[in-house]
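Listed below are the residues making up each chain.
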Amino acid sequence: MTIQTHPIEDHGLLRFLTCGSVDDGKSTLIGRLLFDSKAILADTLTAIEKTSLKRGMEQVDLSLLTDGLQAEREQGITIDVAYRYFTTGIRKYIIADAPGHEQYTRNMVTAASTADLAVILVDARKGVITQTRRHSYLAHLVGIPHLVVAVNKMDLVNYDQSVFEKIRSEYLAFAEQLGIKDVRFIPLSALKGDMVVERGENLPWYQGQTLMEILETATTAHDEHVEAFRLPVQYVCRPQDSTNPELHDYRGFMGRVESGSIKVGERVTVLPSGLSSTVKAIELGGQSLPEALTEQSVTILLDDEIDISRGDMLVRATELPNQTKQIETTVCWLSETPLDKSRTYLIRHTTRETKAKIASIPYRVDVNSLERQAVNGLSMNDIAVVNFKLAQPLFTDSYRDNRSTGAFIVIDESTNNTVGAGMIGLIDSANSDQRDAA
Amino acid sequence: MTKPLSHLDWLEAEAIHILREVAGQCSNPVLLFSGGKDSICLLRLAEKAFRPGRFPFPLLHVDTGHNYAEVVEFRDRRAAELGERLIVRSVEDSMKRGTVVLKHPNESRNKHQSVTLLEAIEEFGFDACIGGARRDEEKARAKERIMSFRDEFGQWDPKNQRPELWSLYNARSHKGENIRAFPISNWTELDVWQYIQREGLELPSIYFAHTRPIVMRKGAMQPVTAVTPALAGEEVVNLQVRFRTVGDITCTAPVLSDADTVDKIIAETATTTITERGATRLDDQASEAAMEQRKKEGYF
């Protein structure tokens, strides 16, 4: 009995991020994807037709579909990530749309944290610019497995193949430096609709997939390599007060499989106690499952009575995470209030929380030049290597191996704000050669 | 490497995870249940998250007193079937207390729900309210957090929201402050209907096509009810309609439809040409900024 049903052809759900500024045609590209995949409804279209007309434009300006953020930015109100949705019938998409300007590193990191794929827009007339490098660096830093470089505005360079090829070789040289492996290139015109959903007739020399074809077939982050089983316990179900005597001894350990999978009958180890038991049953919505899959929220029952509470983690004894009170991390500072090295912060990692002190900040990375710089504190949008000392142990993997057990947030207890985003391990590979040489 | 979950399984797993985070992080949460389709999905998700245990929160409905009888009946029956505690607080009580003052007797009570909700939050000391809002409903919701922070006055400050990364939710609050948690943020109207179909969820009858007396007012269909009688000179016609959203009678319009089953509604939704709120919410059309303004004031 399984609840996995793939009715016709269900490629599940893909989360992706679009990086670029309005000048690169990002809003137009999103608008084009929504429009050509028929995800725009009539009243929305009527509204943007009106606005287009008011602004003296002859054709519908698709960028107005995502204009909410834009208008706000001009007014200096909210600068943020907006989420948009569309479906093609075989796959559902969540687009994270973050403003592309320099000061918004934090928004891009936020949007990127849940993305499986990033579309990096390059204006064919401008080629690879500082912003392209910054976006690529951040997308890579946050571990997005697939990058798609969309060379947009091909209509403005007469659909010239040599322009596209030049941008591709420039980008590849830079990508190699960063250690980016999976990157693909598409020439397109979001304005005219070439190679977005439809192929159009202007790019006969390009034989590769359209953007939509890439989106329809891209694998999600968890499908990249075999991951260790990790289930952080969120909640323990003990319905002792139930009138049903069968439930008196029921202890269900509830949580989401953050990575890997586990089957009934397998041995698991509970952290931090280190005690082991066998999986007696896996339940979801009153049904028994033979196996719990990655990203599934389940309830696990064990053969032995072990004391387990929220914040504990179920793993396999053969693939233990690090159990540590010191972590070397890469942090993006999110708060307008700078980091204060003398303060104690709270770190939330999986379902655990611990107090943390800053042991050292070896360096900051300039997201434009990728240079390392000595720093004393961190300001909003800074990316830096930070070493923490922890009051309680965490069960960690390196972020490169596991985007769930390698990630954490930093909370300021005085305001309860989320002030930092952290990734465990040295994942800034930009200048690794230099580091090795030093 | 495992086969990816279908999109509904993924959305379900995410929502269960969020519900369990609220239960794990907050000391006194509540789930807002109106009898509408989104909160009906929330109840099924709560069953999947917490059964065979009881829900770690009661259900709360803020009743304007202007709800369709079918929906109120459904609300009470569903809560009883689940064996969970349902708290009802009414805008009429707030009016009696004098904390809600209508500009005129016919003013819609919809926006005044915020006052009654805040009073209930204070009365019970709730530190988190779980709601069925979705980001696809409206522009101002597209950037809403899954855990949305409200200050002591229930205000949503767009400048003071916590960044949300990975699936690490921060539902911490100080005394008097409040978190609004939206487990189905990432669902669309179509997802909701597909989930209702897959799970075989029961809905109030007014979601399905039925014949009802209607007057046309400012281009929208206004159902003729005791609360919203036809005005002098208005022509009452019987039309076959269904509701896409269910809320206060004074501000929820039906759509013309002959879809009388979930399957037909899904077919209609998949090919619909008008957004859910565009079609049915009489109150949002005033201005694009209408929703954002109401949210700042504590509206759900």
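Just so it is clear, the model here is predicted, and its values are computed rather than measured. (Residues numbered from 1 in each chain as written. Chains lettered and ligands numbered in written order. Predicted model: local features only at pLDDT ≥ 70, side-chain atom pairs only at ≥ 80, totals over all residues. Heavy atoms only, no water.)

Another aspect to go through is the overall build of chain B. Each helix and strand counted, chain B has 9 helices and 10 strands in total. Here chain B, with 300 residues, has 63% of them falling under the buried criterion. A sequence separation of at least 24 residues applies to 73% of the contacts in chain B between residues at least 6 apart. Put simply, chain B shows about 11300 Å² of open surface, and 52% of that area lies on carbon and sulfur atoms. (Helix = DSSP H or I, 4+ residues; strand = E, 2+ residues; numbered from the N terminus. Buried < 20%, exposed > 50% of the residue type's maximum accessible area, 1.4 Å probe, protein only. Contact = heavy atoms within 4.5 Å. Areas by Shrake-Rupley, 256 points an atom, 1.4 Å probe, with all protein chains shown as cover.)

What chain A contains, in helices and strands, is 8 helices and 23 strands. The 438 residues of chain A split such that 60% are buried. Considering only residue pairs separated by 6 or more positions, chain A has 71% of its internal contacts joining residues 24 or more positions apart. Counting only carbon and sulfur atoms, one obtains 48% of the accessible surface of chain A, whose full area is about 17500 Å².

It is worth spelling out the nonpolar core at this point. One finds Leu-17 and Tyr-171 of chain A to be the most contacted residues of the largest nonpolar core, which totals 162 residues. At 10 residues, helix α1 (residues 7–25) of chain B tops the list of elements feeding residues into this core. Leave out the neighbours within four places in its chain, and Leu-17 of chain A touches Ala-96, Met-108, Ala-111, Ala-112, Ala-115, Leu-117, Ala-118, Val-119 and Ile-144 of chain A. Core analysis: the second largest hydrophobic core is formed by 19 residues, Ala-384, Val-386, Phe-408 and Ile-424 of chain A among them. (Core = buried A, V, L, I, M, F, W, Y, C linked by side-chain atoms within 4.5 Å.)

Right, let's talk about the pattern of salt bridges for a bit. Counted according to the given criterion, the structure contains 50 salt bridges over all chains. Arg-168 of chain A is the partner of Glu-165 of chain A in a salt bridge, and the nearest nitrogen-oxygen pair spans 3.1 Å. Of this pair, Glu-165 of chain A and Arg-168 of chain A both sit in helix α6 (residues 161–178), 3 residues apart, roughly one helical turn. Residue classification places Glu-165 of chain A among the partly exposed positions, given a relative accessible area of 31%. What makes Arg-168 of chain A partly exposed here is its relative accessible area of 29%. Where Glu-73 of chain B meets Arg-77 of chain B, a salt bridge forms, and the shortest distance between an N and an O atom there is 2.9 Å. (Salt bridge = Lys/Arg side-chain N within 4 Å of Asp/Glu carboxyl O.)

Contacts between the two partners involve 61 residues from chain B, matched on the other side by 78 residues from chain A. Taken together, the two surfaces of chain B and chain A that pack against each other cover about 5800 Å², and 55% of this comes from carbon and sulfur. Of all residues in chain B, Arg-20, Trp-166 and Arg-172 of chain B give up the largest surface area on contact with chain A, accounting jointly for 14% of the area buried on that side. Along the contact surface separating chain B from chain A lie 5 salt bridges. Asp-191 of chain B serves as the salt-bridge partner of Lys-92 of chain A, at 2.4 Å between the closest nitrogen and oxygen. Where the side of chain B that touches chain A is concerned, the elements lending two or more residues are α1, α2 (37–50) and α6 (189–199) of chain B. (Buried area = accessible area lost by both parts, 1.4 Å probe.)

What follows concerns the packing of aromatic side chains. Enumeration over the complete set of coordinates arrives at 16 aromatic pairs over all chains. Between Phe-16 of chain A and Tyr-93 of chain A, the aromatic rings sit 6.1 Å apart at their centres with planes inclined by 80°, giving edge-to-face as the arrangement. Highlighted residues: Phe-16 of chain A in strand β1 (residues 13–19) and Tyr-93 of chain A in strand β3 (residues 92–97), separated in sequence by 77 residues. The same class applies to Phe-16 of chain A as to Tyr-93 of chain A, namely buried. Centroid distance Tyr-235 of chain A to Phe-50 of chain B: 5.4 Å. Interplanar angle 75°. Geometry classified as edge-to-face. Of the two residues, Tyr-235 of chain A sits in strand β8 (residues 235–237) while Phe-50 of chain B sits in helix α2, which places them in two different chains. Residue class for Phe-50 of chain B comes out buried when judged on its relative accessible area of 1%. Three or more aromatic residues joined by ring pairs make a cluster, and in this case those are Tyr-235 of chain A together with Phe-50, Phe-55 and Phe-57 of chain B. Positioned over the ring face of Phe-174 of chain A is Arg-133 of chain A, at 5.3 Å from the centre of the ring. (Phe/Tyr/Trp six-rings, centres within 6.5 Å; stacked < 30°, edge-to-face > 60°. Lys NZ or Arg CZ within 6 Å of the ring centre and 35° of its normal.)

With that settled, the discussion passes to the sheet that holds strand β2 (residues 59–63) of chain B. All names here are of chain B. Pairing is mixed across the open sheet formed by 6 strands, whose spatial order is β3-β2-β1-β4-β6-β5. Of all the strands in the sheet, just β3 (86–90) and β5 (147–150) have a single pairing partner and so form its edges. Here the average twist between neighbouring strands, direction ignored, is 30°. Bridge count between β2 and β3: 5 bridges; the pairing is parallel. (Pairing = 2+ DSSP bridges. Axes fitted to C-alpha atoms, helices over the stretch in contact; angles between N-to-C directions.)

Take the confidence of the model for chain A next. Any region with low pLDDT has predicted coordinates that should not be read closely. Residues and elements named next belong to chain A. With 83% of its residues at a pLDDT of at least 70, chain A reaches an overall mean of 86. Between residues 1–8, whose pLDDT stays under 50, and residues either more than four places distant or in other chains, the model counts 20 contacts. Low pLDDT, under 50, characterises residues 430–438; the predicted model gives this stretch 11 contacts beyond four residues in sequence or across chains. (pLDDT = per-residue confidence, 0-100.)

Residues and elements named next belong to chain A. In this fold, Trp-333 is placed in strand β17 (residues 322–333). For the pair formed by Trp-333 and Ile-409, sequence separation is 76 residues and the distance between their alpha carbons is 9.9 Å. Here Trp-333 is in contact with Arg-106, Pro-338, Leu-339, Tyr-345, Leu-378, Ser-379, Met-380, Asn-381, Asp-382, Val-410, Val-419 and Gly-420, once residues within four sequence places are set aside.

Residues and elements named next belong to chain A. If you check α6, its first and last C-alpha atoms are 26 Å apart, about what 18 residues at 1.5 Å a residue would give, namely 26 Å. Within α6 the residues assigned to the buried category are Phe-164, Ile-167, Tyr-171, Phe-174, Ala-175 and Leu-178. Down the axis of α6, the buried set is contained in an arc of 105°. They therefore lie on one face. Relative to its buried face, α6 has exposed residues pointing more than 90 degrees away, namely Lys-166, Glu-176 and Gln-177. Against β4 (117–123), α5 (130–141), β5 (146–152) and β6 (183–187) lie the buried residues of α6. Immediately downstream of α6, the backbone of Gly-179 shows phi near 85°, a positive value. (Expected span 1.5 Å × (residues − 1). Arc of directions from axis to C-beta.)

Read from one edge to the other, the open sheet built from 4 strands follows the order β8-β7-β9-β10 (chain B), with strand pairing classed as antiparallel. A single partner strand is all that each edge strand has here, and the edge strands are β8 (220–223) and β10 (255–256) of chain B.

Put simply, chain B has an average pLDDT of 87, and 88% of its residues get 70 or more. Averaged pLDDT values for the elements of chain B fall to 51 in helix α9 (residues 290–296) of chain B and rise to 98 in strand β1 (residues 29–32) of chain B.

Here the focus is the packing of α1 of chain B against α2 of chain B. Residue and element names in this part refer to chain B. Relative orientation of the contacting elements α1 and α2 amounts to 70°, with a least axis distance of 9 Å. Here α2 runs roughly perpendicular to α1, going by the angle between their axes. On α2, the residues that touch Glu-12, Ala-15, Ile-16, Leu-19, Arg-20 and Ala-23 of α1 are Leu-42, Leu-45, Ala-46, Lys-48, Ala-49 and Phe-50. Its residues placed into classes, the contact of α1 with α2 shows 9 nonpolar, no polar and 3 charged. (Parallel < 35°, antiparallel > 145°, perpendicular 65-115°, else oblique. Nonpolar A, V, L, I, M, F, W, Y, C, P; charged D, E, K, R; others polar.)

Right, let's get into the pairing of β5 of chain B. Residues and elements named next belong to chain B. The alternating pattern of β5 places Met-147 and Phe-149 and Ser-148 and Arg-150 on opposite faces, both of which are buried. Bridge analysis of β5 against strand β6 (residues 178–181) gives 4 bridges, and the strand direction is antiparallel. Note that in β6 the partner of Phe-149 across the bridge is Ile-179.

Before going further, it helps to examine the side chain of Glu-84 of chain B. With respect to the secondary-structure elements, Glu-84 of chain B resides in the loop between α3 (69–82) and β3. Filtering out sequence-adjacent residues up to four positions away, Glu-84 of chain B remains in contact with Arg-51, Arg-54, Phe-55, Phe-57, Leu-59 and Ala-79 of chain B.

Another aspect to go through is α5 of chain A. Residue and element names in this part refer to chain A. Counted at 1.5 Å a residue, the expected span for α5 with its 12 residues is 16 Å, and the 16 Å between its end C-alpha atoms agrees. Where burial is concerned, most of α5 is hidden: 10 out of the 12 residues are buried. Three or more residues of α5 are buried, namely Gln-131, Thr-132, Arg-134, His-135, Ser-136, Tyr-137, Leu-138, Ala-139, His-140 and Leu-141. Looking one or two residues past α5, Gly-143 carries a phi angle of roughly 80°, positive in sign.

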